[in-house]
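Descriptive structure summary
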Amino acid sequence: MESFRSMPKVELHAHLNGSIRNSTILELARDLGQKGVIDFLDVEHVIMKNDRSLVEVFKLFDLVHVITTEHSTITRITKEVIEDFASENVVYLELRTTPKKNDSIGMSKRSYMEAVIQGLRAVASFDVHFVPQTKQVASSFNSQFMENSLNGSAKKKIYVRLLLSIDRRETTIAALETVELALEMRDVGVVGVDLSGNPTVGEWDTFVPALSFARQKGLRVTLHCGEVPNRKEIQQMLDFVPERIGHACCFCEEDWRKLKALNVPVEICLTSNVMTQSVSSIDVHHFADLYRAQHPVALCTDDTGVFSTSLSQEYSLASSTFGIDKADIFDLAYKAISQAFADHKVKDEVRKIFSSAKGQVSSMDRIDP
Ligand code: 6MZ
């Protein structure tokens, strides 16, 4: 486990509100309990439960969203999530979150995202690089937030890029609003959009206008695809040819053929898929076939908090389950850099970090076949 912790890693599929520390969720819930907003005893067991079905996961997210309503809380959890990934040597993180609007507390999708950006700035123990250096000061977001990204170079560096998620409960108009916001925030590291949320809710057609608009404007698109069996939607999503997809659990032969022909990279979330029973057990996970076929894949966490995992743990799990030695896990992470949505300059920088760490993974780590 220690060698997976110390190797540089690339995280491409992590949801902000799914990656909150358990201790933080409990503290916030206890606080809201004392204020009479929620009944702490009612929610404690929901938070602490370890094995969750997909349905229970989305009930938990509804609860988490009640607990994390405040702007200051969004800032705090963003800071902590970045610190957690950086301390386990994730050197490139694409963090996704769903901008939320809540009129009763004066929250707009924009102010929600401002709170996220404040969280990136608040990290003091690592050098968080999130503003593309090539961009001129062009927006209020940029001029406000440029400073932190350019200093602190002596600290360990983590490159962070953001994806704005569209929740499958949203309308076409709401989805378009999120894309507009993503476009406005390109100067502060937003590189793309994601479609996520309860896979049994919503219709693909609702989101096509927003996703097509995003693409037309140069944002990259990743889709949660095939978390539940839905032949028609899987085909429609693949026909859209997103830059990446997440999960791909419930594919049939024809879907695999199409995916492989299109060479669309897959964000693999082993623990999440097994816990939510989207895959019946780890040893039959489709990662094995995709890996053997040399299809582009990236090992990811999905929700470190909800599934009590970390990226080091996912690397270790892939290694022990599928007999992949540490040097090959290192190569897998290295290859994931090319699937990142950041620009070439950032990818080159991340590759340099990998190159200087390569000696760490010695030939001793190779397992004879
Ligand atoms: C689909 C998921 C997910 O956006 O509030 N989310 N959507 N499948 C999954 N696999 C289990 N895990 C997380 O983070 C939480 C939101 O991310 C999406 C859901 O929409 C969830 O509400 P944010 O930061």
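Before reading on, note that the structure itself is shown above.
Residues numbered from 1 in each chain as written. Predicted model: local features only at pLDDT ≥ 70, side-chain atom pairs only at ≥ 80, totals over all residues. Heavy atoms only, no water.

On to the pairing of strand β2 (residues 90-97). Taken across its 8 residues, β2 has 8 buried, putting it largely inside the fold. Pairing geometry for strand β1 (residues 9-15) and β2, over 5 bridges, is parallel. Across the sheet, valine 10 pairs through a bridge with tyrosine 92, a residue of β2. The sheet contact formed by β2 and strand β4 (residues 157-167) spans 6 bridges and is parallel. What sits directly across from leucine 93, in β4, is valine 160. (Buried < 20%, exposed > 50% of the residue type's maximum accessible area, 1.4 Å probe, protein only. Helix = DSSP H or I, 4+ residues; strand = E, 2+ residues; numbered from the N terminus. Pairing = 2+ DSSP bridges.)

To continue, consider the nonpolar core. Membership of the largest hydrophobic core comes to 112 residues, with the highest contact counts inside it found for Ile158 and Leu211. Broken down by element, the residue count for this core peaks at 8 residues, all from helix α4 (residues 54-67). In this structure, isoleucine 158 is in contact with Ile82, Phe85, Ala86, Val90, Val91, Leu93, Phe126, Asp127, Val128 and His129, ignoring residues within four places of it in sequence. (Core = buried A, V, L, I, M, F, W, Y, C linked by side-chain atoms within 4.5 Å. Contact = heavy atoms within 4.5 Å.)

Summarising the element assignment, aspartate 303 is placed in the loop between β9 (297-299) and α14 (311-322). Salt bridges are absent for the buried aspartate 303, whose nearest opposite-charge side chain, arginine 96, sits at 8.6 Å. Excluding anything up to four places from it in sequence, aspartate 303 contacts His15, Gly18, Ser19, Phe61, Ser308 and Thr309. (Lys, Arg positive; Asp, Glu negative; His and termini not counted. Salt bridge = Lys/Arg side-chain N within 4 Å of Asp/Glu carboxyl O.)

Take the pattern of salt bridges next. Considering all chains together, one arrives at 26 salt bridges under this definition. Two residues, lysine 258 and aspartate 239, come together in a salt bridge whose shortest N-O distance is 2.6 Å. Remark: aspartate 239 occurs in helix α10 (residues 231-240) and lysine 258 occurs in helix α11 (residues 253-262); sequence separation between them is 19 residues. The salt bridge involving aspartate 331 is made with lysine 358; its shortest N-O contact spans 3.5 Å. With a gap of 27 residues between them, aspartate 331 in helix α15 (residues 326-336) and lysine 358 in the segment after α16 (344-357) connect regions that are remote in the sequence. Of the residues examined, aspartate 331 reaches a relative accessible area of 23% and is grouped as partly exposed. The network of salt bridges with common partners includes Arg21, Glu27, Arg76, Lys79, Glu80, Glu83 and Asp84.

The subject of this paragraph is helix α5 (residues 71-87). Because each turn of an α-helix spans 3.6 residues, side chains separated by three or four positions end up pointing in the same direction. Over its 17 residues, α5 extends 24 Å from the first C-alpha to the last, a length consistent with the 24 Å expected when each residue adds 1.5 Å. Of all the residues in α5, the buried ones are Thr73, Ile74, Thr75, Ile77, Thr78, Glu80, Val81, Ile82, Glu83, Phe85 and Ala86. (Expected span 1.5 Å × (residues − 1).)

Turning to the site of the ligand, a few remarks are in order. Among the 19 residues in the neighbourhood of the ligand, the closest are listed as His65, Thr97, Thr98, Lys100 and Asp303. Contacts to the ligand include histidine 65, whose side-chain N or O atom sits 2.7 Å from an oxygen atom. Here the ligand, which alone exposes 520 Å², has 99% of that area covered by the protein. (Near = heavy atom within 4 Å. Polar contact = N/O pair within 3.5 Å; in protein donor to acceptor, adjacent residues only side chain to side chain. Areas by Shrake-Rupley, 256 points an atom, 1.4 Å probe, with all protein chains shown as cover.)

Here we come to the environment of glutamate 56. Summarising the element assignment, glutamate 56 is placed in helix α4. Residue classification places glutamate 56 among the partly exposed residues on the basis of a relative accessible area of 30%. For the pair glutamate 56 and threonine 24, spaced 32 residues apart in sequence, the C-alpha to C-alpha distance is 20 Å. In contact with glutamate 56, not counting residues within four places along its chain, are Lys49 and Asp51. A polar atom in the side chain of glutamate 56 sits 2.9 Å from the backbone nitrogen of serine 53.

In short, geometric facts, not functional conclusions.
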